[in-house]
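# A look at the structure
Listed below, chain by chain, are the residues.
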Amino acid sequence: MIVSLGFVALGIYGLKRPESLVDLFRRTGTPMFGRRVSERMYTASNLRWALIPFIVMGLSFVTIGAVSIATRLG
C-alpha cells in the first residue's frame, strides 16, 4: 500500500510538473533509444496521457489495500 501511495504521489507530481519528468525520462531514455526517438516518445502530452491511468491504478491499489487491512482488523 505504501508503494502504491508513492506511485500516486509520483503521478500527481508528474501532472503538476510534466517538464521535469520529461527531462528525466529523456536523459535516461536517450542512451537506450537514441536522441530522436526519446525526444519524440517523451513529450509532456504523452506523459499526461500515461499518468492519468497510472494514478487511477495506484488509487485503486491503495483502496484495495485499505479495505483489506480494515476487514482483517474488524
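So, here's what we can say about the structure.

### Section: the overall build of the protein chain
Within the protein chain, the regular secondary structure consists of four helices and zero strands. Rg of the C-alpha trace for the protein chain: 16 Å, well past the compact-globule value of 11 Å for 74 residues, more than 25% over. Its C-alpha atoms put the protein chain at 55 × 20 × 15 Å along the principal axes. A fraction of 61% describes how many contacts in the protein chain between residues 6 or more apart in sequence connect residues 24 or more apart. For the protein chain, the accessible surface area stands at approximately 5500 Å², while carbon and sulfur atoms represent 69% of it.

### Details of helix α1 (residues 2-16)
Over its 15 residues, α1 extends 21 Å from the first C-alpha to the last, a length consistent with the 21 Å expected when each residue adds 1.5 Å. By the burial criterion, the buried members of α1 are Ser 4, Val 8, Gly 11 and Gly 14. Seen end-on, α1 carries its buried residues on one side only, within an arc spanning 125°. Seen from the buried face of α1, the exposed residues on the opposite side, beyond 90 degrees, are Ile 2 and Lys 16. Buried residues along α1 sit against α2 (18-33) and α4 (44-73).

### Structural notes on the pattern of salt bridges
Inspection of every chain in the model, using the stated rule, returns one salt bridge. For the salt bridge of Glu 39 with Arg 35, the shortest nitrogen-to-oxygen distance reads 3.5 Å. One end of the pair, Glu 39, and the other, Arg 35, are both in helix α3 (residues 35-41), four residues apart, so they sit about a helical turn from each other. Under the relative-accessibility criterion, Glu 39 is labelled partly exposed at 37%.

### Points about the packing of α2 against α4
Put simply, α2 and α4 touch, their axes get as near as 9 Å, and they point 100° apart. As judged from the angle between their axes, α2 and α4 are roughly perpendicular. Contact with α2, carried on its side by Pro 18, Glu 19, Leu 21, Val 22 and Phe 25, involves Ala 44, Leu 47, Arg 48 and Leu 51 of α4 and no other residues of that element. Taken together, the residues of the contact of α2 with α4 sort by class into seven nonpolar, no polar and two charged.

### What to know about the side chain of Ser 4
With respect to the secondary-structure elements, Ser 4 resides in helix α1. Leaving out residues up to four positions away in the same chain, Ser 4 has contacts with Gly 58, Phe 61 and Val 62.

So, how was this worked out
Residues numbered from 1 in each chain as written. Predicted model: local features only at pLDDT ≥ 70, side-chain atom pairs only at ≥ 80, totals over all residues. Heavy atoms only, no water. Helix = DSSP H or I, 4+ residues; strand = E, 2+ residues; numbered from the N terminus. Rg over C-alpha atoms; globule rule 2.2 N^0.38 Å. Contact = heavy atoms within 4.5 Å. Areas by Shrake-Rupley, 256 points an atom, 1.4 Å probe, with all protein chains shown as cover. Expected span 1.5 Å × (residues − 1). Buried < 20%, exposed > 50% of the residue type's maximum accessible area, 1.4 Å probe, protein only. Arc of directions from axis to C-beta. Salt bridge = Lys/Arg side-chain N within 4 Å of Asp/Glu carboxyl O. Axes fitted to C-alpha atoms, helices over the stretch in contact; angles between N-to-C directions. Parallel < 35°, antiparallel > 145°, perpendicular 65-115°, else oblique. Nonpolar A, V, L, I, M, F, W, Y, C, P; charged D, E, K, R; others polar.

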